[in-house]
Each structure stands twice: as structure tokens, then as C-alpha cells.
Amino acid sequence: MVPSEDAAPPLDVDQILADDGVRIVVCCGAGGVGKTTTAAALALRAAERHGRRTVVLTIDPARRLAQSLGLTELDNTPRQVKGIDVEAGGELHAMMLDMKRTFDDVVLQHTDPAKAAEIFANPFYQAMSSTFAGTQEYMAMEKLGQLHARGEWDLIVVDTPPSRSALDFLDAPARLSRFLDGRMLRLLLAPARSGGRSMFSLVTASFGMFSKVVQKVIGAQLLTDLSGFVAALDSMFGGFRQRAEQTYRILQARETAFLLVATPEPDAVREAAYFAGRLREERMPLAGLVLNRVHRPAAGLSAAESLAAAERLAGEGGHEGTVEVLRAHAALAQQAVREEQVAARFTEAFPAVPAVSVTAQPADVHDVDGLRTIGEAISRS
């Protein structure tokens, strides 16, 4: 017997959104499961229904959030969304992470103008701040920490990056620490701290034969750029690590609620289960699972009953339209059973995690009304 959705306790999203003690909601999961739409719908509902001053941070490069909120564009600065219901006293602001701009802001905040200009001009910094793996996830954490520190939002809703793995968002601070503590970095940094001769000559002297191999692999100029980058950022490394640790502690606190977002597909549910296990290990507050795009047959007929009825009517003749409807219903009923079986894998592994299912919508969400519909569906426990 396959466990039904009722096997998991119902998820009361409105209780989370109305709780003044909850200041951050993090929507996480695999790519393509509706995280951006879910985050925007929850933020809109928090503002309209519960009167909270809310900001939603998306990392979605497709800019779907801006379109659905009626904004021409989003950038690294929160923009107020007009035309929402403000009767409850709430506000809605939206922004999209600009990875390089966030990195630049960090540099400007923690160095003097001359040092910042040196860092910005370094080719290695230009590459790292724009394209290096993990930078987007770390900067999402950095921006979350900045928004939280400002203290002007009742609620911050985060749409995590469309990463290969949803765990990349949580792993970003640890990866940064490993980078800062790495043997190669320490070797590059030691000559910079010693003063005296030029960076490249000191690096070459320190590495000996090893540096010649490095030069052949990455080139002398890139090695020089890397050395200069490390030296310029030396004074900032402690700040990077400290802020990452502070944000990590915030994510572990009672004021944060993680919502897993998935669809009833094997890969998405598997990713959600991995993430749930990681949150449990890290003692982070998992509030529940939002299962998107669930199919439910309208009638109570099973697939077998529908097919049997279709066969009988097809044999009698003259009921072609009804036969097609019955067969379509049978296919939908079969799909619903498969989805229930897939979703049960998560429920069986995490039976105490509250869950809510959101029926597949007939069309994509393109406006605020569509987001309201999604918000109502998610909040229906």
C-alpha cells in the first residue's frame, strides 16, 4: 500500500508567514521545480495577507520574477512592487542578485579606495567575481547577511541559486574557507607578507622547481595576477570567513525557516531528501516540503475502471467522445499514482516533515494574480 499525502503532517505555510519570530524563509531544491515562483508567491502573501514588510531575493537569471511582479527589471537593490493589496499594512520589495556587484560592494566596504581599485583591476579578481564556481552561492549568502543586518525587513524570502545541487548554497562558506586555508594559497600569500622583492620573484624563489611547473600549466602572467590578487585580499580574508560564519549561524537560528521545493519526479524528490538530511545534520530548521505540479484526476474512477468503461462503450459504438475522455482520465489517474509513489519516498524517509501539494496549473505564472493563486494553493493545508 503506497502511503498517501496524509501520511505526512500538513504544512501550515500561513502560520510560518505570520510568525513575527520568523525573519527568513529559504526556498531550496533542485533546478526547475518552481522555487522562484514559490518564493515570490510566499513573499506576496506575507505582504498582502499578513501585513509584513517583505523582500524577496531571487538568483534566477531568467528574470521571471520581475515579469510576474510587473517590474521591467530587477537588480542588486530592492525595488518596491506597486499595485499589491496594502490593506493589511504590508509592503513587497524584490531584487535579483548581481554576483559581481555584491562582490564589489564587499571589497569597497572592507578596503580603502586605493586598495579597492587595485583589486578591481586585477584580472584574477575580474574572473573570480564573475565566473568562478561557487562564487554565486557564496554571494547569495553574503547578500542575505547584508539584508538581515540592515534590520528593515520583517521577512526576507530567498530563492536559492539554480545550482547543480541545492546543497551548493549551504556548502559555499565551507568551500570558501577551504580555499582560504588551502596549501597553494598559503604558499602564494607567504611571500606577499614578507615584503622586499617583487611578488613574482618571491613566489618563484619560494616554489623553486614547483613554480616552473605551475608557470607551464597556468602561465607566468596568470601566476603573477593570482599572487597579486591574494596579496590585495589578504586583509579581507578574515572578514570573509567571519561573515560566512555569522550567516551560517543565522540559518541555524529559530528566525529561519527552510522550505524544500520539489516536483513529484525522482531526481527532484531525491534532491529534496538529500537536502533534508543535510539540514538535519546541520541542525537547521526545516519547516516543510512544497510539492509542486501534482496531478489529480477530477473524478473518483481508478485507471482500471476508466479503461474498462472505455472498452465497453467503444464496443457499443457511438460514444467516441466519452471513450476519449475516459481514456484521458485513465492516463491522468495512472500519472497520479506514479507521482504518489515517488512522493512517498520522501515521506517514508522523513515522516515528521510537514508537506503540502500544489496542483499543476494550466498555464505558467506571468503576473501578480497568478502568484496569488499559487500562494493560496501553497497555504491550503
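Analysis parameters
- Residues numbered from 1 in each chain as written.
- Predicted model: local features only at pLDDT ≥ 70, side-chain atom pairs only at ≥ 80, totals over all residues.
- Heavy atoms only, no water.
- Helix = DSSP H or I, 4+ residues; strand = E, 2+ residues; numbered from the N terminus.
- Contact = heavy atoms within 4.5 Å.
- Buried < 20%, exposed > 50% of the residue type's maximum accessible area, 1.4 Å probe, protein only.
- Pairing = 2+ DSSP bridges.
- Phe/Tyr/Trp six-rings, centres within 6.5 Å; stacked < 30°, edge-to-face > 60°.
- Salt bridge = Lys/Arg side-chain N within 4 Å of Asp/Glu carboxyl O.
- Expected span 1.5 Å × (residues − 1).
- Axes fitted to C-alpha atoms, helices over the stretch in contact; angles between N-to-C directions.
- Parallel < 35°, antiparallel > 145°, perpendicular 65-115°, else oblique.
- Left-handed = near helix turned anticlockwise from the far one by under 90°.
- Nonpolar A, V, L, I, M, F, W, Y, C, P; charged D, E, K, R; others polar.
- Polar contact = N/O pair within 3.5 Å; in protein donor to acceptor, adjacent residues only side chain to side chain.

Colleague: So what's going on with the overall build of the chain? Which residues, and what values?
Modeller: When helices and strands are counted, the chain shows 17 helices and 8 strands. Taking contacts inside the chain between residues at least 6 apart in sequence as the whole, the part at least 24 apart equals 77%.

Colleague: Explain the pairing of strand β4 (residues 91-96) to me, and be specific about the residues and the numbers.
Modeller: With 5 of 6 residues buried, β4 is to be regarded as a mostly interior element. Here strand β2 (residues 53-58) runs beside β4; their pairing, made up of 6 bridges, is parallel. In the sheet register, Leu57 faces β4, and the bridge partner there is Met95. By the bridge criterion, 2 bridges tie strand β3 (residues 79-80) to β4 in an arrangement that is antiparallel. Each residue of the ladder has a partner; that of Arg79, found in β4, is Ala94.

Colleague: Tell me about the packing of aromatic side chains, and please be specific about residues and values.
Modeller: If you walk through the whole model with that rule in mind, you get 2 aromatic pairs. Aromatic side chains Phe346 and Phe350 sit 5.2 Å apart centroid to centroid with 35 degrees between the ring planes, which places their arrangement in the tilted category. A relative accessible area of 3% means that Phe346 is categorised as buried. Residue classification places Phe350 among the buried positions, given a relative accessible area of 10%.

Colleague: Explain unusual backbone geometry to me, using residue names and the numbers behind them.
Modeller: Positioned with a positive phi, Arg283 is a non-glycine residue whose angle comes to about 55 degrees. By the secondary structure assignment, Arg283 is in the loop between α14 (266-281) and β7 (286-294). Overall, Arg283 belongs to the exposed group, its relative accessible area being 73%. One non-glycine residue with positive phi stands out, namely Arg293, at about 60 degrees. Looking at where Arg293 falls in the secondary structure, it is placed in strand β7. Residue Arg293 is classed as partly exposed on the basis of its relative accessible area of 42%.

Colleague: Just give me the short version of the pattern of salt bridges, but keep the residues and values in it.
Modeller: What the rule picks out here adds up to 15 salt bridges. Between Glu152 and Arg150 there is a salt bridge, with its nearest N and O atoms 2.9 Å apart. A relative accessible area of 33% means that Glu152 is categorised as partly exposed. Measuring nitrogen to oxygen at the nearest pair gives 2.7 Å for the salt bridge that ties Asp267 to Arg270. In this pair, Asp267 and Arg270 are both assigned in helix α14, 3 residues apart and thus about one turn of the helix distant.

Colleague: Please set out helix α2 (residues 35-50) residue by residue, giving values where relevant.
Modeller: Spanning 16 residues, α2 covers 21 Å between terminal C-alpha atoms, matching the ideal 22 Å at 1.5 Å per step. Residue Gly51 follows α2 closely and has a positive phi angle near 65 degrees.

Colleague: Mind laying out the pairing of β7, listing which residues take part and the relevant values?
Modeller: Among the 9 residues in β7, 7 count as buried, and that is most of the element. Relative to β7, strand β6 (residues 256-262) runs parallel, the two sharing 5 bridges. Note that in β7 the partner of Ala262 across the bridge is Leu291. Summarising the sheet, β7 and strand β8 (residues 355-359) pair through 4 bridges and their orientation is parallel. Pairing of Val294 across the sheet is with Thr359, part of β8.

Colleague: Report on the packing of helix α4 (residues 99-110) against helix α5 (residues 113-121), specifying residues and quantitative values.
Modeller: The N-to-C vectors of α4 and α5 enclose an angle of 150 degrees; their axes lie 8 Å apart at closest approach. For the element pair α4 / α5, the angle class is roughly antiparallel. As for the relative orientation of α4 and α5, their crossing is right-handed in sense. On α5, the residues touching Asp104, Val107 and Leu108 of α4 are Ala116, Ile119 and Phe120. Taken together, the residues that form the contact of α4 with α5 break down as 5 nonpolar, no polar and 1 charged.

Colleague: Describe the side chain of Arg278, naming the residues involved and giving the relevant values.
Modeller: Relative to the elements of secondary structure, Arg278 occurs in helix α14. Take Arg278: its relative accessible area is 15%, and that puts it in the buried class.

Colleague: Tell me about the environment of Asp267, and name the residues and values.
Modeller: Judged by its relative accessible area of 56%, Asp267 is exposed. C-alpha of Asp267 to C-alpha of Val342: the two residues are 75 residues apart in sequence and 9.6 Å apart in space. Within the local environment of Asp267, its side chain forms a polar contact with the side chain of Arg270, the two groups lying 2.7 Å apart.

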